[in-house]
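Here is how the chains run, residue by residue.
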Amino acid sequence: MLTDIKTIAAKLAPRLIEIRRHIHSHPELSGQEYQTAAYVAGVLSSCGVHVREGVGKTGVMGELSGHITDERVLAIRTDMDALPIAERTGLDYASQQAGVMHACGHDVHTTVGLGTAMILSELVENLPGTVRFLFQPAEEIAQGAGWMIADGAMQQVTNILGLHVFPSIPGGAIGIRRGALTAAADDLEITIIGESGHGARPHEAVDAIWIASQVITTLQQAISRTQNPLRPVVLTIGQLNGGRAPNVIADSVKMLGTVRSLHPETHADLPAWIEKIVASVCQMHGGSYEMNYRRGVPSVQNDTGMTQLVESAALEAWGSDRVIYIPEPSLGAEDFSLYLEYAPGMMFRLGVGHPDKPNYPLHHPQFEVDESAIVTGIVTLAYAVCKYWE
């Protein structure tokens, strides 16, 4: 089966490059992936995949079923949206949409999903179950997975696989990690309420800016002293707004930030822990507060069995020198985690690093990929699907 998959992938490689470059040239922002979705639906339909459009607003769902002797449904998720970044790669197929760019590799993800469907459609007689392809919108704003799930994308799904490109891994290599792959990411909004007064008479006022600074300092100190250092927490206040004049003590300050964590137990406790500290600091200094803690997406926790499946497929397909074990998780976020609340799954890293030129990070205006990685990703996924039913 592996030989057949590699043969078909090699035959499809020129077409896959065309697909990727078309998608790269026509990027669309989160929730606006209308043309991308139509293009994806067309490719899927052309290879005999049953297509449902408008799933999760602008998402696409495809299903491919063989001779059903196994009721399990294996889902493959890829994302389609681009970023509000002005591309500076100078590529012949650079973005034709001003200020919008595929700077996170979702053009590659979409191509890998399509290529996997194209290969499996030629091998459908060998499939004893159903493969469901989820082409998701709006990953960059962490909403697309929820939209897809609300539209029934995970109904009857037994397990799910996903991937994400990684420029720090050489092109053609597969990155594997068990357990936590990405962080939970939440939004934090705190308003400190004081009492205005003259800047020359601070003792007659309650300085909201000073209290806010104490809150920030205390939260950072408390992380290092009260949180388990083996279960990391990152709390960043990225926006601070308050005050109206240089000689007037501010009566309110709004702070906006992000909170990242890796362990589900820690994640569950963070809102109460943060609020306890904020309340204590405000009470000490005579102020009050309002706090809004918004849950974002949980941590991606790779399932042991599904990780072993992809690892085995990659090792058989490419050998141990092209399988890299990722030692540490990322504190970035990924809404693939929402699917894992419905079925065990696994996300792997697809290396796209160039061997002979600079590799810019994700979300950079000069981010480029080694396109040879597309076949690597497709063969790995397609073979993992076949091994799933062994």
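Under an unreviewed UniProt entry, the name given to the chain is M20 family metallopeptidase, and the organism recorded is Laspinema palackyanum D2a.

Trainee: Just give me the short version of the overall build of the chain, but keep the residues and values in it.
Mentor: If you tally the helices and strands in the chain, you get nine helices and 16 strands. Reported as C-alpha extents along the three principal axes, the dimensions of the chain are approximately 80 × 40 × 40 Å. In the chain, which comprises 390 residues, the share counted as buried stands at 54%. Long-range pairs, those at least 24 residues apart, make up 80% of the contacts in the chain with a sequence separation of at least 6. Of the accessible surface of the chain, which amounts to about 16400 Å², a share of 51% is contributed by carbon and sulfur atoms. On the chain, the mean spot of the 26 positive side-chain charges and the mean spot of the 42 negative ones are 3 Å from each other.

Trainee: Break down the environment of Gln 301 for me, with residues and values.
Mentor: As for its placement among the helices and strands, Gln 301 is situated in strand E14 (residues 301-302). Here Gln 301 falls in the partly exposed class, since its relative accessible area comes to 31%. For the pair formed by Gln 301 and Ala 183, sequence separation is 118 residues and the distance between their alpha carbons is 9.1 Å. Setting aside residues no more than four positions away along its own chain, Gln 301 makes contact with Gly 179, Ala 180, Leu 262, Pro 264, Leu 340 and Gly 345. There is a polar contact of 3.0 Å between the side chain of Gln 301 and the side chain of Ser 299.

Trainee: An account of the side chain of Gln 227 is requested, with residue identities and associated values reported.
Mentor: One can find Gln 227 in the loop between helix H5 (208-226) and strand E10 (233-242). In contact with Gln 227, not counting residues within four places along its chain, are Ala 222, Val 233, Thr 266, Leu 270 and Trp 273.

Trainee: So, the pattern of salt bridges: which residues are in play, and what are the values?
Mentor: Per the stated rule, a full pass over the model turns up 20 salt bridges. Among the salt bridges present, the one from Asp 335 reaches Arg 77, with a minimum N-O distance of 2.7 Å. One end of the pair, Asp 335, is in the loop between strand E15 (323-325) and helix H8 (336-339); the other, Arg 77, is in strand E3 (residues 73-79), with 258 residues separating them in the sequence. Like Arg 77, Asp 335 is buried. With a shortest N-O distance of 2.7 Å, Glu 316 and Lys 387 are connected by a salt bridge. Of this pair, Glu 316 sits in helix H7 (residues 304-318) while Lys 387 is found in helix H9 (residues 373-388), placing the two residues 71 residues apart along the sequence. What makes Glu 316 partly exposed here is its relative accessible area of 42%.

Trainee: So what about the pairing of E3? Which residues, and what values?
Mentor: Where a strand is regular, its side chains alternate between the two sheet faces. Counting buried residues along E3, seven of its seven residues qualify, which places the element largely inside the surrounding structure. Of the two faces of E3, the one lined by Val 73, Ala 75, Arg 77 and Asp 79 and the one lined by Leu 74, Ile 76 and Thr 78 are each fully buried. Taken together, the seven bridges between E3 and strand E4 (residues 130-136) define a ladder with parallel strand orientation. Each residue of the ladder has a partner; that of Thr 78, found in E4, is Phe 135. Handedness of the crossover is the feature at issue here: the chain leaves E3, passes through helix H3 (residues 106-122), returns alongside E4, and the resulting connection is right-handed.

Trainee: Before we move on, could you go through unusual backbone geometry and cite the residues and values that matter?
Mentor: The phi dihedral of Gln 156 is positive, around 70°, even though this residue is not glycine. Here Gln 156 shows up in the loop between helix H4 (144-150) and strand E5 (159-170). Residues other than glycine seldom take positive phi values, yet His 363 does so here, at roughly 70°. Along the chain, the position of His 363 falls in the loop between strand E16 (345-353) and H9. Look at His 363 and you get partly exposed, because its relative accessible area is 39%.

Trainee: Go over the environment of Tyr 93 with me, naming the residues and quoting the values.
Mentor: Inspection of the secondary structure puts Tyr 93 in the loop between E3 and H3. Taking the C-alpha atoms as reference, Tyr 93 lies 9.4 Å from Ile 23; in sequence the two are 70 residues apart. Aside from chain neighbours lying at most four places away, what touches Tyr 93 is Arg 20, Arg 21, His 24, Ser 25 and Glu 371. A distance of 3.2 Å separates polar atoms of two side chains, one belonging to Tyr 93 and the other to Arg 20.

Trainee: I'd like a description of the layout of surface pockets, backed by residues and values.
Mentor: Counted as a void, the largest pocket has a volume near 540 Å³. Around the largest pocket, the lining comprises 25 residues; the ones closest to its centre are Glu 139, Arg 260, Gly 332, Ala 333 and Glu 334. Contributions of two or more residues to the lining of the largest pocket are made by E5, strand E8 (184-193), strand E12 (252-261) and strand E13 (288-297). With four residues, E13 is the largest single contributor of residues to the lining of the largest pocket.

Trainee: Which residues make up the nonpolar core, and what values do they have?
Mentor: Core analysis: the largest hydrophobic core is formed by 70 residues, its most contacted members being Ile 119, Phe 348 and Leu 350. Looking at this core, the element that brings in the most residues is H9, giving 11 residues. The contact partners of Ile 119, leaving out residues within four places of it in the chain, are Ile 5, Ile 8, Ala 9, Leu 12, Ile 378 and Ala 382. Formed by 24 residues, the second largest nonpolar core is a distinct cluster that contains Ile 190, Val 206, Leu 219 and Met 255.

Rules of the game
Residues numbered from 1 in each chain as written. Predicted model: local features only at pLDDT ≥ 70, side-chain atom pairs only at ≥ 80, totals over all residues. Heavy atoms only, no water. Helix = DSSP H or I, 4+ residues; strand = E, 2+ residues; numbered from the N terminus. Buried < 20%, exposed > 50% of the residue type's maximum accessible area, 1.4 Å probe, protein only. Contact = heavy atoms within 4.5 Å. Areas by Shrake-Rupley, 256 points an atom, 1.4 Å probe, with all protein chains shown as cover. Lys, Arg positive; Asp, Glu negative; His and termini not counted. Charge placed at Lys NZ, Arg CZ, Asp CG, Glu CD. Polar contact = N/O pair within 3.5 Å; in protein donor to acceptor, adjacent residues only side chain to side chain. Salt bridge = Lys/Arg side-chain N within 4 Å of Asp/Glu carboxyl O. Pairing = 2+ DSSP bridges. Right-handed = clockwise from strand over helix to strand, strands pointing away. 1 Å grid on protein atoms, 1.4 Å probe; cavity = no way out; pocket = protein on both sides within 12 Å on 5 of 7 lines; lining within 4 Å. Points joined across faces, edges and corners; volume = space filled by probe spheres on them. Core = buried A, V, L, I, M, F, W, Y, C linked by side-chain atoms within 4.5 Å.

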